[in-house]
Amino acid sequence: MCRVTARIQLIAEASRFLEAQNVTHYFTLTYPRRRGWEARHDAFEQWVDAVEWLQRRPLGWFRADEMFRYSGLGFPEIPEHHHGLLIDTDHLSCLTAQGLWRCFGDALVLR
């Protein structure tokens, strides 16, 4: 199987998997300056713990870390940041989730 075909199949299967989940929110979490991998991991875990505490139950999430220094869109360079999806957080307020991240940087959380 050629690489292009394998990549298309992988994307299709990942899309099917995500569509089967109860995705309720999309998030982008940024930092004001560069941080090491462990610091980013710890910050994200603290945010997830806080959201779970508010929900009073565990939640599911998918996260992709963007590591490039340049935006590629003609904008200034940006530190590493996270994009992702929250699952089964039907009652979570977007503003609350954003506020919980404020101690680490800026956040955008959308339904």
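Up top is the structure.
Residues numbered from 1 in each chain as written. Predicted model: local features only at pLDDT ≥ 70, side-chain atom pairs only at ≥ 80, totals over all residues. Heavy atoms only, no water.

*Asks:* Could you clarify how one ought to interpret the packing of aromatic side chains in this entry?
*Replies:* Geometry of an aromatic ring pair is reported as the spacing of the ring centres plus the angle between the planes. For the structure shown, the criterion picks out 8 aromatic pairs. The interplanar angle of 90° and the centroid separation of 5.8 Å between the aromatic rings of F17 and F62 together place this pair among those described as edge-to-face. Of this pair, F17 sits in helix 1 (residues 3-19) while F62 sits in strand 2 (residues 60-66); the two residues are 45 residues apart in sequence, bridging distant segments of the chain. Among the residues examined, F17 registers a relative accessible area of 45% and is labelled partly exposed. Overall, the relative accessible area of 27% leaves F62 in the partly exposed class. Centroid distance Y31 to W101: 5.4 Å. Interplanar angle 65°. Geometry classified as edge-to-face. Here the residue Y31 occupies a position in the loop between strand 1 (23-30) and helix 2 (37-55), and W101 occupies one in helix 3 (residues 94-101), the gap between them amounting to 70 residues. Against the face of W53 rests R56, its NZ or CZ located 5.0 Å from the ring centre. For the cation-ring pair, R63 lies above F44, with the distance from its terminal atom to the ring centre recorded as 4.5 Å. (Phe/Tyr/Trp six-rings, centres within 6.5 Å; stacked < 30°, edge-to-face > 60°. Helix = DSSP H or I, 4+ residues; strand = E, 2+ residues; numbered from the N terminus. Buried < 20%, exposed > 50% of the residue type's maximum accessible area, 1.4 Å probe, protein only. Lys NZ or Arg CZ within 6 Å of the ring centre and 35° of its normal.)

*Asks:* How should I be thinking about the sheet that holds strand 1 in this particular structure?
*Replies:* Backbone-to-backbone hydrogen bonds pair the strands of a sheet. The strands run either parallel or antiparallel. Read from one edge of the open sheet, 4 strands run 2-3-1-4, paired in antiparallel fashion. Either end of the sheet is taken by a strand with one partner, and the two such strands are strand 2 and strand 4 (107-110). Neighbouring strand axes in the sheet, compared pairwise and without regard to direction, differ in orientation by 15° on average. Summarising the sheet, strand 2 and strand 3 (residues 81-87) pair through 7 bridges and their orientation is antiparallel. Looking at the pairing, R63 lines up with G84 of strand 3. (Pairing = 2+ DSSP bridges. Axes fitted to C-alpha atoms, helices over the stretch in contact; angles between N-to-C directions.)

*Asks:* How should the packing of helix 2 against helix 3 be read in this particular structure?
*Replies:* The description of two packed helices rests on the angle between their axes and on the distance between the axes. Where helix 2 meets helix 3, the closest approach of the two axes is 9 Å, and the angle between their N-to-C directions is 140°. For the pair helix 2 and helix 3, the crossing hand works out as right-handed. Touching A43, F44, W47, A50, V51 and L54 of helix 2 are T96, A97, L100 and W101, all from helix 3. Of the residues assigned to the contact of helix 2 with helix 3, the class counts are 9 nonpolar, 1 polar and no charged. (Left-handed = near helix turned anticlockwise from the far one by under 90°. Contact = heavy atoms within 4.5 Å. Nonpolar A, V, L, I, M, F, W, Y, C, P; charged D, E, K, R; others polar.)

Distances and angles like these do not, on their own, reveal function.
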